Every structure is written in C-alpha cells, then in structure tokens.
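The residues making up each chain are set out below.
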Amino acid sequence: MTPDWPITPSTLPQPGRLTGQRLLITGAAGGLGSAVAATAAAEGADLVLLDRDIKGLEALHDDIEAKGHPRPALYPLDYLSAAPDDYAELTTGIAADLGGIEQLLHTAADAGDATPMALYDPQTWLKTLHININGAFLVTQALLPMLREQAGRVIFVDDHDAHHRRAATGAYGVSKAALMGMMRVIAAEHSPANPVVSCAIDPGPMRTALRRGLFAGEMAEEVDSPAHAAGCVAALLDPRHPPANGVHYRVDA
C-alpha cells in the first residue's frame, strides 16, 4: 500500500524557490491548475500551461504577466481530439522554447456524471476515461525523455474520496484510482538510468467547478479554495527538497 504522508498548507509563495525550474501543468485553466500556476510563477518557475480552454489559458497568461512574473508558454490541447502528432509537437515546442523540462504536474480532469454505475451513459464513461487516463499517459510518455535527462518528476493529483468513500462518482472515481496505479508503475521504473520521480498529492475538497458537478449538495463554504492546496503542490516542486518516489501526499486540513 502506498504510504500517505501529510503536508501542511501554505498560501504564501516563496519567491525564487522555483527559479530555473521548467514546469508543465495540464488542466492549467482549472481551479487547482490555475492556483498552482499563479504560485509557481510567483516563485520564479518557467511555465508551460496546457488546457483545452483557450480563453482560460489566455486569462491566466495575462494575469501572470500583469504581476511581473515570467511569461508562460501556452499550449492549447484537447485530449479528445488530439492525435499522436500533437504530443510530438508538444515536446518539439518545449525543446525549442525552453530546452527541456524538469517537472510535469497533472491537474487535468473531467468530472463525467455523478451517476450510479447502472445508469451511467457509456459514451460519457469512455470520454471521461480517455481524458483522465489516456490523456495523462500520452502527455507523460511524450515528456519522459526530457524528464529523464533532468532527473525530473511527475506529480499526479488524487481525489481519495472519489474512489474510496463516495458513491456515484462513476468514471471520474475509477480514473483517479487508475492514475494512482500509473503513478506507482512509473515510480517502480525509477532507476539510475531512469531517474524520474513519480508521486501523487490529494489536495482534499476544493471549491472548484469540477467538485460542484460531482457533489452538488455540498455548500461552497464547507470546502477550501484551491489556493489552500497550491502551496503544498509548490512545495513538491522545490528542487532542493524533492518528493519521495512513489509516495502519496495529502494536504492537511
């Protein structure tokens, strides 16, 4: 069983902590992705922001630039329509613009439907699994050579409640369990020749559109904003204090 290590939240960026770190965030226009992007930019990271929401990416870009932080690179990509050439183009673009990458953070997720298994729409099931599992795999596989060169790290975002204590989370819950399997497989492949660290973090309940879709009865004031967890994620990006390989972290309440 993967160990569960607590990590204490901090909403205060530490300027300079991520200077020189090249980080790709999937789902960057979403709740957690945009919060981590803002924190990482404030700490000096060079960002590649990937999402299918072009307007959301542009708004995030403008916000980061307006605060005087390094200008992020934008990469609009829709996992549903992306072809293998699109992932090859992603790596080519990163190599040309940044020369490589040290860190990959997966925050992209599709909620699917909050529906019991017996009533789940098959097309929604396939779509959600493709976005949440296949998309993460294809991006990770494309970037592994760069990550290997830099002894980099891949960080997955878990949602423990969705696949342990909640009914009717459907394809979303199943996909989160699968991502934890992917994290452990990559961690097991760690070696001197393949020094890529793989770990996961469960940010806990967050006030995001995705969570509202899954847990409609939950009051907004009952959960924290994504900024509560963004500092914890940024701590796992610290090059001076790398996370432990194969470890599952959780954000303390």
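Anyway, here's the lowdown on the structure attached to this text. Quick caveat: nothing in here was measured; it's all calculated off a predicted structure.

### Quick notes on empty space enclosed by the protein
Picture a little ball the size of a water molecule; that probe, rolled over the atoms, points out where space is still empty.
Phase 1: Evaluated as defined, the whole model comprises one cavity of 30 Å³ or more.
Phase 2: Approximately 30 Å³ is the volume found for the largest cavity.
Phase 3: Along the walls of the largest cavity sit Thr26, Tyr79, His106, Ala108, Ile131, Asn132, Ala136 and Leu179, which together make up its complete lining.
Phase 4: Looking at the lining of the largest cavity element by element, the count peaks at three residues for helix α4 (residues 122-149).
Phase 5: Across the lining of the largest cavity, the residue classes tally to five nonpolar, three polar and no charged.

### Notes on the packing of helix α1 (residues 31-42) against helix α7 (residues 227-236)
Phase 1: Their axes nearest at 8 Å, the elements α1 and α7 cross at an angle of 55°. As judged from the angle between their axes, α1 and α7 are oblique. Viewed along their axes, α1 and α7 form a crossing whose handedness is right-handed. For the pair α1 and α7, the contacting residues are Leu32, Ala35, Val36 and Thr39 in the first and Ala227, Ala229, Ala230, Val233 and Ala234 in the second.
Phase 2: The class makeup of the residues in the contact of α1 with α7 is eight nonpolar, one polar and no charged.

### Thoughts on α4
Phase 1: In this model, α4 (28 residues) spans 40 Å end to end at C-alpha, consistent with the 40 Å of a helix rising 1.5 Å per residue.
Phase 2: The largest bend in α4 amounts to roughly 45° and is located at Leu143, with the proline Pro145 lying one to four residues further along.

### Here we look at the packing of helix α3 (residues 84-97) against α4
Phase 1: Across the interface, α3 lies against α4 with an axial gap of 10 Å and an inter-helix angle of 40°. Considering the angle they form, α3 stands oblique to α4. In this structure, α3 crosses over α4, and the sense of that crossing is right-handed. Two secondary-structure elements touch here, α3 through Tyr87, Thr91, Ile94 and Ala95 and α4 through Gly135, Leu138, Val139, Ala142, Leu143 and Met146.
Phase 2: Split into classes, the residues belonging to the contact of α3 with α4 amount to eight nonpolar, two polar and no charged.

### Quick notes on the environment of Met117
Phase 1: Within the secondary structure, Met117 is located in the loop between β5 (103-106) and α4.
Phase 2: Once the C-alpha coordinates of Met117 and Gly170 are considered, the two residues, 53 residues apart in sequence, prove to be 6.2 Å apart.

The rules behind the values
- Residues numbered from 1 in each chain as written.
- Predicted model: local features only at pLDDT ≥ 70, side-chain atom pairs only at ≥ 80, totals over all residues.
- Heavy atoms only, no water.
- 1 Å grid on protein atoms, 1.4 Å probe; cavity = no way out; pocket = protein on both sides within 12 Å on 5 of 7 lines; lining within 4 Å.
- Points joined across faces, edges and corners; volume = space filled by probe spheres on them.
- Helix = DSSP H or I, 4+ residues; strand = E, 2+ residues; numbered from the N terminus.
- Nonpolar A, V, L, I, M, F, W, Y, C, P; charged D, E, K, R; others polar.
- Axes fitted to C-alpha atoms, helices over the stretch in contact; angles between N-to-C directions.
- Parallel < 35°, antiparallel > 145°, perpendicular 65-115°, else oblique.
- Left-handed = near helix turned anticlockwise from the far one by under 90°.
- Contact = heavy atoms within 4.5 Å.
- Expected span 1.5 Å × (residues − 1).
- Bend = angle between axes of the 7 residues up to and from the residue.

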